[in-house]
Amino acid sequence: MIVIENLSRIYRKGSNEVAALQDLNFRVQQGSFVSVIGRSGSGKSTLLNLIGGLDRSDEGSLFFKEKDVMQMSRRELALHRRFSVGMIFQSFNLIHSRTARENIELALAFGGKSRRERKKQAMQLLEAVGLEDRADHQPTELSGGESQRVAIARAMANKPSVLLADEPTGNLDSATSGEIIELLQNLNKQEGVTILMVTHEEDTAHAVSDHLLRLSDGKMLEERRISQ
Ligand SMILES: Nc1ncnc2c1ncn2[C@@H]1O[C@H](COP(=O)(O)OP(=O)(O)OP(=O)(O)O)[C@@H](O)[C@H]1O
Ligand SMILES: [Mg+2]
């Protein structure tokens, strides 16, 4: 589903060059749960941002269902971001002036849908993460775990086949982290959503994923398939 060939990303600041990713090669199978681990600065977020179409690489290819994301036009890239992938982040990235439901409604593709339909769909998405009774809360009126659930519901709004999660439990206590991981596992197992998750927790990575990528200084230090 995702095939990465000789992918590199060099950040340039004046005369300073940082090779955030260097000559990466790997493939992700549809329906798998991939954990990306590695020290701070090893290129994990850079990799997720490239797959999510938020950034461009300098070299190499990144095929998503046989289409090279690096060769996409701006329009194609916008569609890729909206429909092919969903992203969640450590800091949730919800819009603070909007309620949980409105945050999700804003992510829903218009596609000729009425306001009422979008409201209904947003409520169904909130229900799926167990938060229908928090629909009218603003992000400041939600706990961290609840905020991340809303972010997951929003990421799933347009039914992406891949969910990219960058340290989704980085700001949560261990019990709440467990709940979020469980939610991701359910999406993976029951809905068949392919997941790429960055985590610093090695134990979690081993417990939940069937494919592990370990980056070091932008290079692949280890790639392992785990039978669950
Ligand atoms: N926009 C940027 N401009 C210049 N350098 C950058 C930029 N973004 C990231 N880098 C550099 O690229 C390298 C990889 O960064 P990245 O954010 O991918 O690391 P990471 O593995 O996600 O780290 P962490 O675990 O701390 O989140 C780092 O050395 C960082 O300083
Ligand atoms: Mg990061």
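Located above this text is the structure these notes cover.
As the structure is a computational prediction, the values presented were derived from the model and not from experiment.

Description of the overall build of the chain
Within the chain, the regular secondary structure consists of seven helices and 10 strands. A globule of 228 residues ought to have a C-alpha radius of gyration of about 17 Å, and the chain, at 18 Å, matches this closely. Over its C-alpha atoms, taken along the principal directions, the chain stretches across nearly 50 × 40 × 35 Å. Among the 228 residues that make up the chain, the fraction classed as buried is 52%. For the chain, contacts bridging at least 24 residues in sequence account for 66% of all contacts bridging at least 6. Accessible surface computed for the chain: about 11600 Å², of which carbon and sulfur atoms make up 44%.

Quick word on the sheet that holds strand β5 (residues 67-68)
With antiparallel pairing, four strands are arranged side by side in an open sheet as β2-β1-β4-β5. Two strands lie at the open edges of the sheet, namely β2 (16-28) and β5, each paired on one side alone. For strand β4 (residues 59-64) and β5, the ladder comprises two bridges, and the chain directions are antiparallel. From the neighbouring strand, F64 faces β5, where its bridge partner is K67.

How each quantity is defined
- Residues numbered from 1 in each chain as written.
- Chains lettered and ligands numbered in written order.
- Predicted model: local features only at pLDDT ≥ 70, side-chain atom pairs only at ≥ 80, totals over all residues.
- Heavy atoms only, no water.
- Helix = DSSP H or I, 4+ residues; strand = E, 2+ residues; numbered from the N terminus.
- Rg over C-alpha atoms; globule rule 2.2 N^0.38 Å.
- Buried < 20%, exposed > 50% of the residue type's maximum accessible area, 1.4 Å probe, protein only.
- Contact = heavy atoms within 4.5 Å.
- Areas by Shrake-Rupley, 256 points an atom, 1.4 Å probe, with all protein chains shown as cover.
- Pairing = 2+ DSSP bridges.

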